[in-house]
Amino acid sequence: MKAKFIILLITLDLVALFIGLNFGSSGVDLFDGLRDTTAKTIIVDVRMPRALVAMAVGMALAASGTIMQALFRNPLADPYILGVSSGASVGAALVIVAGIASAVNITTAAFLASLLTAFAVYRLGKTRAGLPVLTLLLAGVAMAYFLSGVTSFLIYIAAKDMHQVVFWVMGGFWTANWFKLKVITLPIILGVTFGLYNSWKLNAVLLGEEHALSVGLNVEVFKKRMIVVSALLTSAAVAVSGVIGFVGLIVPHAMRLLIGEDNRILLPSAILCGAAFMPLVDVIARLITEGEIPVGIITALIGSPFFIFLLRRGKYAA
Amino acid sequence: MQLEVKNITLSINSNEILSDITLSVNDGDMVALLGPNGSGKTTLLRTIYGILRTEKGAVYLDEMRLQEMKIEEIARYIGYLPQERAETNLKVLDVVLLGRTTYNRKPSESDVKIALQSIRDVGLTGFENRLFSQLSGGEKQKVLIARIFSQKSDILLLDEPTAHLDISSQIEIMEILREKTREGSSSLIAIHDINLASTFCDKILMVKDGRIAFAGGLDIITEKNIREVFQADVSVRKQSGRPFVVPISRKKPHNNRNKKIHVICGGGSGEEIIRLMSDRGYSLSAGVLNALDSDIDAILGVGDVVTEAPFSPISRDSYIKNLEMIDRSDAVILTNLCVGAGNLLNLQAALKATEKKKLIVIDSTPFKERNFVGDKAEEIYRKLLSRAFVVKSEEDVPKFLSKLVQM
């Protein structure tokens, strides 16, 4: 059952990769790529990095979301709960407003700003008694509101660059390239590996912190580590794709409904599912209209009805 | 493995929560930690387990000093069941498997085997693939106990393992723990149900305000100690050699205090009426009862009693004492008792009470089924019935009584 499910998801990933390479606004497909050098360039240098970045981002957000939901024991937790996305937006907006926007600068600024935000939230949420999840959650919410105020202000004063900031915040993969893929590969591989390595221990946290302690888990240290992992994954994703909502919330939930709560199987399933979901939605985003619409809009428009469908099947007791 | 707690003191925000606590738990011990809410039981368990760090004193596992061990290591020696409610959609087997996280990064075949055995130990075989969230309260608690068992630790610390459970689950869980203890583990169980503790445990620690107030065997469960530790009035009786505690309600109708009622009973026929009258706050007496009569237990603690030596017929002395009590009473109740040669004088005494028109007879079953003396008793009883207030059952007594005692 479990092995079959994983194989199914891997197949889905390959299909998603194929579709990501085969379809695009230029209309060329993989057969053209075999015959024609221009088509080959489009497929290898545009669609390939784009599909791979989308896959990596999908993995990162799904992993981070699953970890956060377990850690916070809250089904509404998502990768952005530590204010990471708002931090990244401020970083990107600052670079754009300062007039030094380039792929490298925006990505770097967004990445550093989001890590910084996560660190700040962590420090704010920390008390003498440790790291109570509720305090951390509230610190994250407060920080997110504050930083989105800052972003709004930056958008307001951005004048002609306004649309660039807005588009970045909405999130998408149209600027994906090999550079971005290189930047995020290491943090995402590290984060995903560490997450999978600790997937069983995440189960212990599900029962409550006192119970986690009672099975011999050093909860404070574990929480700290997992928050670092989650911040790293989310920051890497946000830095290259902007703020793509909903993936980190619904992919883990959808998998939970299908395969259960056990993180040993849930976490890898969510990662594989995120890796298929993101490039597929991206294909829809670039084909649905003449131009291209931000993928975050599609994730919300497709994701929520699908999620509600799963909920209504009635299998789920949250 | 021996658990030894030596002089630990712990303060939180400069409030001393635990003061100089010393205790030890040996192999095969099942120790109850009794104390009212807020007395420091949970804090003590958390401190022993190493979650809270003490400022003074130490906890030892055999020769090992627990403060120097990591929590991963402690969990292999001590199975700690917190009181915190657990809620998860994990399957039962996955919850029990968590007890193995301290040994491996991922559960192995043998971990699964151990988990399945633990599930069997708590009697939940067949529940492995059920969702934890869909179990009853008692089943959930058993799953959590199975989780501790799968840690394979010698010492169990349990914080209110029976709280909020129905009585059959309470008993089952205590039996499971006793079984484990008999296999050589030892357990320290924080509990506030004194009777449950007395039924299953052999050693008692009573905690009050962060100190060990009393420590010892079951014999420390006394009315005096419980009043001191719990600030509660109870009466302590014996049941198969173990003390059991019956709460005494302090809020009794005070206007009945000066009304005296004497109960003529025997062989358990008086238990219910004595309880009923005692609840209503009347001053009670009873007699004549043989020393081993079960009605003695009912009257002890709530009223005076005239006793006779075991298995002896009522003596002249006792009879007269009984008459004196009847004389001083505002009402006399004759229960649905059996009459033999030994207690025929009780019937005579009841007859005396009718002279002052203050006798109530509880006549539930035909007298001839209760009469082992013959015509003589039959005649007295007939007289009684004609001169007394006769009721069919105990519940009917109060309404007659209210008329009687007002006269």
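Every value quoted in this text rests on a predicted model; they were computed, and no experiment measured them.

Procedures and definitions
Residues numbered from 1 in each chain as written. Chains lettered and ligands numbered in written order. Predicted model: local features only at pLDDT ≥ 70, side-chain atom pairs only at ≥ 80, totals over all residues. Helix = DSSP H or I, 4+ residues; strand = E, 2+ residues; numbered from the N terminus. Rg over C-alpha atoms; globule rule 2.2 N^0.38 Å. Buried ≥ 20, exposed ≤ 12 C-beta atoms within 10 Å, placed from the backbone. Axes fitted to C-alpha atoms, helices over the stretch in contact; angles between N-to-C directions. Parallel < 35°, antiparallel > 145°, perpendicular 65-115°, else oblique. Left-handed = near helix turned anticlockwise from the far one by under 90°. Contact = placed C-beta atoms within 7 Å. Nonpolar A, V, L, I, M, F, W, Y, C, P; charged D, E, K, R; others polar. Pairing = 2+ DSSP bridges. pLDDT = per-residue confidence, 0-100. Expected span 1.5 Å × (residues − 1). Arc of directions from axis to C-beta.

## Some words on the overall build of chain A
Thought 1: Within chain A one finds 14 helices and 0 strands.
Thought 2: Start at the N end of chain A and walk to the C end: the helices and strands fall as α-α-α-α-α-α-α-α-α-α-α-α-α-α.
Thought 3: Rg of the C-alpha trace for chain A: 19 Å, near the compact-globule value of 20 Å for 318 residues, within the 12% margin.
Thought 4: The C-alpha extent of chain A, read off along each of the three principal axes, is 65 × 50 × 35 Å.
Thought 5: In chain A, buried positions account for 52% of the 318 residues.

## Brief notes about unusual backbone geometry
Thought 1: The amide bond that connects Gly287(B) to the next residue, Val288(B), takes the cis arrangement and shows omega of -15°.
Thought 2: Along the chain, the position of Val288(B) falls in strand 14 (residues 283-290).
Thought 3: Within the chain, Ala159(A) stands out as a residue other than glycine whose phi angle is a positive 50°.
Thought 4: Mapped onto the fold, Ala159(A) is located in the loop between helix 6 (133-157) and helix 7 (162-170).
Thought 5: Owing to 8 C-beta atoms within 10 Å, Ala159(A) belongs among the exposed residues under this scheme.
Thought 6: Of note in the backbone geometry, Asn7(B) takes a positive phi value of approximately 50° without being a glycine.

## Section: the packing of helix 4 (residues 109-121) of chain B against helix 5 (residues 137-150) of chain B
Residues and elements named next belong to chain B.
Thought 1: Between helix 4 and helix 5, whose axes approach to 8 Å, the crossing angle comes to 135°. Of the possible angle classes, the one that applies to helix 4 and helix 5 is oblique. In the crossing of helix 4 with helix 5, the sense of the turn from one axis to the other is right-handed. For the pair helix 4 and helix 5, contact is made by Ile114, Ala115, Ser118, Ile119 and Asp121 and by Ala146, Phe149 and Ser150, respectively.
Thought 2: Here the residues of the contact of helix 4 with helix 5 sort into 5 nonpolar, 2 polar and 1 charged.

## Let's talk about the sheet that holds strand 1 (residues 3-12) of chain B
Residue and element names in this part refer to chain B.
Thought 1: Reading across the sheet, the 4 strands line up as 2-1-4-5 and stay open at both edges, with antiparallel pairing between neighbours. With partners counted over all chains shown, the strands left at the sheet margins are strand 2 (15-25) and strand 5 (64-65), one partner each.
Thought 2: Relative to strand 2, strand 1 is paired through 7 bridges, and the arrangement is antiparallel. Within the sheet, the bridge partner assigned to Val5 lies in strand 2 and is Leu23.
Thought 3: The sheet contacts of helix 1 (residues 41-49) involve strand 1, strand 2 and strand 4 (56-61), and relative to strand 2 the element is tilted by about 65°.

## Description of the confidence of the model for chain B
Thought 1: Of all residues in chain B, 98% have pLDDT values of 70 or greater, and the mean over the chain is 90.
Thought 2: Interface confidence for the predicted complex, given as ipTM, is 0.88, next to a pTM of 0.80.

## Thoughts on helix 6 (residues 167-182) of chain B
Residues and elements named next belong to chain B.
Thought 1: Between its first and last C-alpha, helix 6 extends 22 Å over 16 residues, near the 22 Å set by a 1.5 Å rise per residue.
Thought 2: Residues Gln170, Ile173, Met174, Leu177, Lys180 and Thr181 constitute the buried set of helix 6. For helix 6, the buried positions fall inside an angular range of 120° around the axis, keeping them on one side. Within helix 6, the exposed residues directed more than 90 degrees away from the buried face are Ser168, Glu179 and Arg182.
Thought 3: Considering only its buried residues, helix 6 is in contact with strand 3 (30-34), helix 5, strand 7 (155-159), strand 8 (186-191) and helix 7 (194-200).
Thought 4: Gly184 sits one or two residues past helix 6 and shows a positive phi near 115°.

## Brief notes about the sheet that holds strand 15 (residues 303-308) of chain B
Residue and element names in this part refer to chain B.
Thought 1: Across the sheet, 6 strands lie side by side as 15-14-13-16-17-18; this open sheet has parallel pairing. Strand pairing shows two members of the sheet lacking a second neighbour, strand 15 and strand 18 (389-391), which therefore form its edges. On average, each strand axis in the sheet is tilted by 20° relative to the strand beside it, whichever way the strands run.
Thought 2: By the bridge criterion, 4 bridges tie strand 13 (residues 260-264) to strand 16 (residues 331-334) in an arrangement that is parallel. In the sheet register, Ile261 faces strand 16, and the bridge partner there is Ala331.
Thought 3: Most of the contacts of helix 9 (residues 271-279) go to strand 14, to which it runs at about 160°, and overall it touches strand 13, strand 14, strand 16 and strand 17 (359-362).

## Overview of the environment of Thr127(A)
Residues and elements named next belong to chain A.
Thought 1: One can find Thr127 in the loop between helix 5 (103-125) and helix 6.
Thought 2: According to the C-beta neighbour criterion, Thr127 is exposed, with 10 such atoms within 10 Å.
Thought 3: For the pair Thr127 and Ser64, spaced 63 residues apart in sequence, the C-alpha to C-alpha distance is 24 Å.
Thought 4: Those residues in contact with Thr127, other than ones at most four positions away along the chain, are Pro132 and Thr135.

## Observations regarding the interface of chain B and chain A
Thought 1: Tallying the contact residues gives 24 residues for chain B and 19 residues for chain A.
Thought 2: Of all the elements in the fold, those that place two or more residues in the side of chain B that touches chain A are helix 2 (71-77) and strand 6 (78-81) of chain B.
Thought 3: For the side of chain B that touches chain A, the class distribution of residues is 11 nonpolar, 7 polar and 6 charged.

## Overview of helix 9 of chain B
Residue and element names in this part refer to chain B.
Thought 1: Among all positions in helix 9, only Ile273, Ile274, Met277 and Ser278 are buried. Seen end-on, helix 9 carries its buried residues on one side only, within an arc spanning 130°.
Thought 2: Positive backbone phi, at 85°, marks Gly281, one or two positions downstream of helix 9.

## Topic: the pairing of strand 10 (residues 211-216) of chain B
All names here are of chain B.
Thought 1: The pairing of strand 9 (residues 203-208) with strand 10 spans 5 bridges and is antiparallel. Each bridged residue has a counterpart across the sheet, and for Met206 the counterpart in strand 10 is Phe214.
Thought 2: Hairpin connection between strand 9 and strand 10: a loop of 2 residues separates the two successive antiparallel strands, and Asp209 in this loop has a positive phi of roughly 50°.

## A short note on the environment of Lys40(A)
Residue and element names in this part refer to chain A.
Thought 1: Topologically, Lys40 is positioned in helix 3 (residues 37-72).
Thought 2: For Lys40, a count of 15 C-beta atoms within 10 Å puts it in the partly exposed group.
Thought 3: Sequence separation between Lys40 and Leu30 is 10 residues; the distance between their C-alpha atoms is 8.1 Å.

## Let's talk about the environment of Ser235(B)
Thought 1: By secondary structure assignment, the location of Ser235(B) is in strand 11 (residues 234-239).
Thought 2: Distance from Ser235(B) to Glu109(B), taken between C-alpha atoms, is 53 Å for residues 126 residues apart in sequence.

## Topic: the packing of helix 4 (residues 84-97) of chain A against helix 7 of chain A
All names here are of chain A.
Thought 1: Taken N-terminus to C-terminus, the directions of helix 4 and helix 7 make an angle of 155°; their axes are 10 Å apart at the nearest point. Classified by the interaxial angle, the pair formed by helix 4 and helix 7 is roughly antiparallel. As helix 4 runs across helix 7, the sense of the crossing is right-handed. Seen from helix 4, the contacting residues are Ser89, Ala92, Ala93 and Ile96; seen from helix 7, they are Gln164, Val165, Trp168 and Val169.
Thought 2: In terms of residue class, the contact of helix 4 with helix 7 is built from 6 nonpolar, 2 polar and no charged.

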